[in-house]
Amino acid sequence: MRVDVLTLFPEFFDSPLATSFFRRATDQGAWQVTVHDIREQTPPGVHRQCDDTPYGGGPGMVMQLDPVVKSLEALGYSAVPKRKRTDARIVLLSASGVPLTQSKAEELAGLQKLTLICGHYEGMDERLMDLFPIEEICIGDYVLTGGESAALVVLDAVVRLLPEVLGNPESLREESFQDGLLDFPVYTKPADYRGVAAPAVLLSGHHGQIAQWRRQQALLKTARHRPDLFVKLRVTAAEAEWLREQGIEVSDEAIIPAVAKSKSRSRRATS
Ligand SMILES: C[S@@+](CC[C@H](N)C(=O)[O-])C[C@H]1O[C@@H](n2cnc3c(N)ncnc32)[C@H](O)[C@@H]1O
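This structure is a prediction, so every number in the text was calculated from the model and none was measured.

Scoring rules and cut-offs
- Residues numbered from 1 in each chain as written.
- Predicted model: local features only at pLDDT ≥ 70, side-chain atom pairs only at ≥ 80, totals over all residues.
- Heavy atoms only, no water.
- Helix = DSSP H or I, 4+ residues; strand = E, 2+ residues; numbered from the N terminus.
- Buried < 20%, exposed > 50% of the residue type's maximum accessible area, 1.4 Å probe, protein only.
- Contact = heavy atoms within 4.5 Å.
- Areas by Shrake-Rupley, 256 points an atom, 1.4 Å probe, with all protein chains shown as cover.
- Lys, Arg positive; Asp, Glu negative; His and termini not counted.
- Charge placed at Lys NZ, Arg CZ, Asp CG, Glu CD.
- Near = heavy atom within 4 Å.
- Polar contact = N/O pair within 3.5 Å; in protein donor to acceptor, adjacent residues only side chain to side chain.
- Nonpolar A, V, L, I, M, F, W, Y, C, P; charged D, E, K, R; others polar.
- Domains from an automatic or database assignment.
- Axes fitted to C-alpha atoms, helices over the stretch in contact; angles between N-to-C directions.
- Parallel < 35°, antiparallel > 145°, perpendicular 65-115°, else oblique.
- Expected span 1.5 Å × (residues − 1).
- Salt bridge = Lys/Arg side-chain N within 4 Å of Asp/Glu carboxyl O.

Undergrad: Pulling in residues and values, what's your account of the overall build of the protein?
TA: Assigned secondary structure in the protein consists of 11 helices and 9 strands. Looking at the protein as a whole, 38% of its 271 residues are labelled buried. The contacts in the protein between residues at least 6 apart in sequence include a share of 70% that link residues at least 24 apart. Surface accessibility of the protein: about 16,600 Å² in total, with carbon and sulfur atoms responsible for 53%. Averaged over its 31 positive side-chain charges, the protein has a centre that lies 8 Å from the centre of its 36 negative ones.

Undergrad: So what's going on with the site of the ligand? Which residues, and what values?
TA: Taken together, 19 residues lie around the ligand, and Leu93, Gly119, Gly140, Tyr142 and Leu144 are the ones closest in. In this structure, a nitrogen atom belonging to the ligand sits 3.1 Å away from a main-chain N or O atom of Glu122. One of the backbone nitrogen or oxygen atoms of Gly147 is found 3.4 Å away from an oxygen atom of the ligand. For the ligand, the protein covers 82% of the area, taking 580 Å² as the surface of the free molecule. Mapped onto the shell around the ligand, the elements with two or more residues apiece are strand S5 (90-99), strand S7 (134-138) and helix H6 (147-159). Sorting elements by how many residues they give to the shell around the ligand places S5 first, with 3 residues. Considered class by class, the residues forming the shell around the ligand number 10 nonpolar, 8 polar and 1 charged.

Undergrad: Break down the domain arrangement of the protein for me, with residues and values.
TA: Under the domain assignment used here, the protein contains domain 1 (2-159) and domain 2 (192-254). Taking only C-alpha atoms into account, the centre of domain 1 sits 40 Å from that of domain 2.

Undergrad: Can you tell me about the packing of helix H4 (residues 102-109) against H6, naming the residues and giving the values?
TA: The geometry of H4 relative to H6 is characterised by a closest axis approach of 8 Å and an angle of 75° between their N-to-C directions. One element, H4, and the other, H6, form an angle in the roughly perpendicular class. Counting all contacts with H4, which are made through Ala105, Leu108 and Ala109, the residues of H6 involved are Val154, Ala157 and Val158.

Undergrad: Could you give an account of the environment of Gln216, naming the residues involved and the relevant values?
TA: Relative to the helices and strands, Gln216 is located in helix H8 (residues 207-225). The exposure class of Gln216 is buried, given its relative accessible area of 14%. Each C-alpha atom of the pair Gln216 and Glu239 lies 7.1 Å from the other, and the pair is 23 residues apart in sequence.

Undergrad: Pulling in residues and values, what's your account of H8?
TA: A rise of 1.5 Å per residue sets the reference length of H8, with its 19 residues, at 27 Å; its end C-alpha atoms lie 26 Å apart and thus fit the reference within 8%. Inspection of H8 places Ile210, Trp213, Gln216, Gln217, Ala218, Leu219, Leu220, Thr222 and Ala223 among the buried residues, and these make up the whole buried set. Buried residues in H8 make contact with helix H9 (227-230) and helix H10 (237-245).

Undergrad: Could you give me a rundown of the pattern of salt bridges, with the residues and numbers involved?
TA: Here the structure, examined in full by the defined rule, presents 9 salt bridges. We note a salt bridge from Arg127 to Asp125, for which the minimum N-O separation is 2.6 Å. Among the ionic pairs, Glu239 bridges to Arg215, the shortest N-O distance being 2.8 Å. Here the residue Glu239 occupies a position in helix H10, and Arg215 occupies one in helix H8, the gap between them amounting to 24 residues. On the basis of relative accessibility, which here comes to 15%, the residue Glu239 falls in the buried class. In this structure, a network of salt bridges that share partners links the residues Lys104, Glu107 and Glu135.

Undergrad: Give a description of the side chain of Asp125 that names residues and reports values.
TA: Inspection of the secondary structure puts Asp125 in the loop between strand S6 (113-118) and helix H5 (128-131). Excluding anything up to four places from it in sequence, Asp125 contacts Val62, Met63 and Leu65.

Undergrad: Before we move on, could you go through unusual backbone geometry and cite the residues and values that matter?
TA: Looking along the chain, the bond that leaves Lys189 and enters Pro190 is cis, with omega of 0°. Examined against the element boundaries, Pro190 turns out to sit in the loop between helix H7 (170-173) and strand S8 (192-193). At Arg48, a residue that is not glycine, the phi angle is positive and equals roughly 45°. Position of Arg48 among the secondary structure elements: in the loop between strand S2 (32-37) and strand S3 (51-52). Residue Arg48 is classed as partly exposed on the basis of its relative accessible area, which comes to 28%.

Have a look at this one:
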C-alpha cells in the first residue's frame with residue numbers, strides 16, 4: 001500500500017513513522033509512507049503563505065487551495081471542476097467529516113493508494129471537494145488544532161490491518177467493534193497485585209467458563225460504556241437474565257428467540 005500524507009508540518013510524522021508497528025510495516029514493505037510538505041508548492045520566498053482570511057469575515061485563517069491542489073497534482077491526481085465524489089482515495093481529515101469506524105479503517109486498509117490531507121487553521125477552502133474525489137473523515141466529536149494527529153490515528157487503525165504487520169492475526173478477531181461489541185477486560189501476572197486479584201475463572205483453565213465470562217464482561221462493558229452499540233445487540237435469554245441481574249436494562253426484543261425443541265426434533269425425524 002502506498003500512503004502519501006500532505007501536511008504543513010512534516011516533522012510531526014518523524015517519530016511515529018520510525019516507531020513500533022509503523023516502522024515494522026515499512027520494514028516489511030507492507031506500506032510505503034511519504035510525507036509531503038504542502039509549503040513546497042508555494043512560490044519561493046520568506047513567508048511561503050498557505051492561508052488567507054475567510055470570505056464573509058470571521059476569526060482565523062483558511063487554507064488556500066493552490067498549494068494543496070498542486071500537491072495533489074504532483075501525486076498524479078487531476079483536478080476536475082464539479083466532479084462527482086466517487087472513487088475516494090483522498091481523505092481530508094476534518095472535524096465535519098464522516099466518523100472513522102473500524103469498518104472504514106478496513107475499507108482504507110484494502111486500498112492500493114491512500115492520500116491523507118491534514119487541515120490546519122479554520123480548515124480547507126471547501127472547493128477542494130469540488131475538484132477532487134475527497135472523503136472527509138473525522139476521528140471523534142472534538143476539535144484538534146490540526147489534522148496531523150488525526151492522520152496518525154487513521155494510519156494506526158489501518159496499519160494493524162495490513163497483512164503480516166501484527167505478529168498474531170488472531171488478535172484482530174476478538175477485538176472491540178468486531179461484532180458490534182467492545183472487547184472484554186484482560187489481565188496478566190501477577191494473579192494478585194497489592195491485594196487486587198485477577199478473576200479466578202481466568203486461572204481455572206476451563207475454556208467454556210472463560211469464554212462465557214468474557215462474553216458477559218464484553219456485554220456489560222458495551223452496555224455501560226456504549227449504550228448506542230448495546231441497543232443494536234442481540235443476546236440469549238440466559239445473557240439477558242445475567243445482564244438484568246447486573247442492573248442493565250435489556251428489552252425483550254433484544255433477546256434471541258429460543259428454537260422450539262419439539263420443532264427441531266420433528267424436523268430431524270422427517271429428514
Ligand atoms: C482547528 S481545526 C478546524 C476546525 C473547524 N473550524 C471546525 O470547527 O470544524 C484544524 C484542522 O484540524 C483537523 N481536525 C480537527 N478536529 C478534527 C477531528 N475531530 N477529526 C479529524 N480532523 C480534525 C482538520 O484537518 C482541521 O482542518
